[in-house]
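The chain contents come next:
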Amino acid sequence: MRPLEDYLVIDFSQFLSGPSASLRLADMGARVIKIERLGVGDICRTLYTSNLIMNGESSVFHAINRNKESFEVDLKSEEDCEMVRELLKKADVMIHNFRPGVMERLGFDYPAVSALNPAIVYGEISGYGTAGEWKNKPGQDLLLQSVTGLTSLTGNADSGPVAMGLSIIDMLAGAHLAQGILACLYRKAVKNQGGFVQVSMMESAYDFQFETITTFMNDGGSLPERSKQNNANAYLGAPYGIYQTENGYLALAMGSIPQLGNLLGCEKLEEYVEVSEAFDKRDEIKAILASHLLTQTTEKWLSKLEPADIWCSDVLNWNALMAHDGFKVLNMIQEVQMVDGYRYETTRCPIRIDGELLTSPKGSPKLGQDNEKIIKEFITHTTINA
C-alpha cells in the first residue's frame with residue numbers, strides 16, 4: 001500500500017499551486033476529488049501556457065491533474081453545496097487557493113468545514129496572506145517573483161529584472177502546503193486531531209531566498225550585485241556561471257581560479273592567487289575565462305576538468321537530456337490514459353518509497369466524469385432531495 005491510501009482529499013483549488021499539492025498527495029496514494037465549477041471547471045483547463053491543445057484542453061491542466069477525479073457542481077445551488085458538505089464530512093483533507101473571503105462567502109471556510117468534520121486537515125494557499133493591504137492582490141507567479149526581489153538575482157548586471165522561466169512560486173507554495181498537510185495527517189493519525197494549514201505564495205517566495213536574504217540582512221543591508229557577465233548567483237564569486245564554448249555551453253560552479261587556469265591552459269587565470277579576488281575581481285576573471293573557453297569544445301574542457309573533480313557540467317536542452325543514459329535510468333517519464341482513451345506522456349512523482357516508483361496510469365479527468373460514481377458512493381438519497 002502507498003502511504004496515503006484510504007485518505008480522501010477534496011480539492012477546490014485551481015491553476016497550479018493548490019493542484020500541485022493535491023497531485024503530490026495523489027501520487028502517494030490519496031484519493032483526490034476535484035470540485036469543479038459547473039460548465040467551466042478548473043480555469044486551468046483553458047489557461048494555455050503554449051499553443052499545444054491536448055484532447056481539447058490546456059496541456060498544463062493535464063500535467064498537474066492526472067490521477068484525480070472530477071466532481072462538477074454549482075456552488076450557487078444549495079443542493080449541490082449540500083452534496084459537497086456530505087463529501088467533506090467523510091474527507092481527511094480539504095484544499096483551496098481562492099483569495100481571502102471567497103470561501104467564507106461560499107460557506108466552506110475553515111470554521112464552517114471544521115464544524116462539519118473536526119478531524120479534517122484544511123489547507124489553503126493565498127497570494128499575499130490573509131491580512132494587510134495586499135491580501136486581495138492576485139496571487140500570480142510572475143507578479144510574486146517580481147514583488148519579492150527574486151527577479152533581481154537572475155541575469156547579468158545590465159539585464160534588468162529577469163524572471164525564472166517556470167512558475168516556481170506556484171510549485172513552491174504547493175510543496176509547502178503538502179508538507180504542512182502531511183505533518184497534520186501524522187498528528188491526525190496519532191491524536192485524531194484536525195488542523196488548519198495556511199501558506200502564502202509571498203512567504204514561499206521569501207523562504208526560497210533564505211540564503212541570499214540571510215546574507216543581505218547580516219551584511220549591513222547591502223543589496224546583492226549581479227556580475228556583468230555569466231551571472232548565475234548574485235553573491236557567489238568567479239567562476240560561478242554558464243559559459244559559451246566553441247560548440248555549446250559549459251557550467252562551472254565554485255572552484256579555485258589558479259587551479260582552473262592550470263587545467264584549462266589559461267596563464268592569465270593563474271595570476272589570481274588570493275581567494276578574495278574571486279569576489280573582488282569577479283567580472284575581470286569571468287571575462288578572461290569566457291574568452292578562453294570559446295577556443296575549445298565543451299567536450300574538450302570537460303575531459304580536462306572532470307578527472308580533476310572540478311564541479312562542472314555540460315548544458316543540455318530537453319532533447320539531449322532525454323537521450324542521455326543518465327536520464328533514462330531514472331524512468332522519469334510515464335504514459336497515462338484518460339477515461340476516453342486519450343493517452344499522453346508526462347513526468348512521474350520524483351519520490352521513491354521503499355524502493356518503489358510512485359507511478360499511476362490514470363490521466364487527468366474530463367469535467368464532471370466522476371459525478372455519478374461519487375454521488376452513488378458518498379451522497380445519500382435524502383441529501384439529493386433535500
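Note that the structure is predicted; figures quoted are calculated from it, not measured.

1. Digging into the domain arrangement of the protein
According to the domain assignment, the protein contains domain 1 (8–208 + 333–378) and domain 2 (241–323). Relative placement of domain 1 and domain 2: their C-alpha centres are 41 Å apart.

2. A closer look at the sheet that holds strand β2 (residues 31–37)
Pairing is parallel in the open sheet, where six strands are placed in the order β5-β2-β1-β6-β7-β8. Both outer strands of the open sheet, β5 (69–73) and β8 (195–200), are each paired with one neighbouring strand and no more. Direction aside, neighbouring strands of the sheet carry axes that sit 20 degrees apart on average. Pairing between strand β7 (residues 121–126) and β8: six bridges, direction parallel. Bridge pairing links I125 to V199 in β8.

3. A look at the nonpolar core
Of all hydrophobic cores here, the largest spans 33 residues; its most connected members are I95, I169, L177 and I181. At nine residues, helix α7 (residues 168–191) tops the list of elements feeding residues into this core. Every residue in contact with I181, bar those within four places of it in the chain, is listed here: L25, V93, I95, V121 and V197. Counting residues in hydrophobic clusters, the runner-up holds 22 residues, among them F12, V84, F108 and I379.

4. Quick notes on the pattern of salt bridges
When charged atoms on two side chains of opposite charge get close, those side chains can pair. Counting across every chain of the model gives 17 salt bridges. Ionic pairing is found between E78 and R85, a salt bridge with its closest N-O pair at 2.2 Å. On the basis of relative accessible area, R85 is assigned to the buried category, the value being 17%. What emerges from the salt-bridge pattern is a single network uniting R31, E69, D370, K373 and E377.

5. Some thoughts on the packing of helix α10 (residues 257–264) against helix α13 (residues 298–305)
Axis separation between α10 and α13 bottoms out at 9 Å; the angle between their running directions is 120 degrees. One way to sum up the angle between α10 and α13 is to call them oblique. Viewed along their axes, α10 and α13 form a crossing whose handedness is right-handed. Here α10 contributes L260, L263 and L264 to the contact with α13, which in turn contributes W301, K304 and L305.

6. Notes on the packing of aromatic side chains
Counting across every chain of the model gives six aromatic pairs. An angle of 10 degrees between the planes, with centres 4.4 Å apart, marks the rings of Y110 and F196 as stacked. Linking Y110 in helix α5 (residues 110–116) with F196 in strand β8, this pair joins segments that are 86 residues apart in sequence. Residue F196 is classed as partly exposed on the basis of its relative accessible area of 34%. Through a chain of ring-to-ring contacts, the aromatic side chains of Y110, Y122 and F196 assemble into a single cluster. One Lys or Arg, K137, reaches over the ring of Y128 and ends 6.0 Å from the middle of that ring. The side chain of K137 reaches across the aromatic face of W134, ending 6.0 Å from its centre.

Rules used throughout
- Residues numbered from 1 in each chain as written.
- Predicted model: local features only at pLDDT ≥ 70, side-chain atom pairs only at ≥ 80, totals over all residues.
- Heavy atoms only, no water.
- Domains from an automatic or database assignment.
- Pairing = 2+ DSSP bridges.
- Helix = DSSP H or I, 4+ residues; strand = E, 2+ residues; numbered from the N terminus.
- Axes fitted to C-alpha atoms, helices over the stretch in contact; angles between N-to-C directions.
- Core = buried A, V, L, I, M, F, W, Y, C linked by side-chain atoms within 4.5 Å.
- Buried < 20%, exposed > 50% of the residue type's maximum accessible area, 1.4 Å probe, protein only.
- Contact = heavy atoms within 4.5 Å.
- Salt bridge = Lys/Arg side-chain N within 4 Å of Asp/Glu carboxyl O.
- Parallel < 35°, antiparallel > 145°, perpendicular 65-115°, else oblique.
- Left-handed = near helix turned anticlockwise from the far one by under 90°.
- Phe/Tyr/Trp six-rings, centres within 6.5 Å; stacked < 30°, edge-to-face > 60°.
- Lys NZ or Arg CZ within 6 Å of the ring centre and 35° of its normal.

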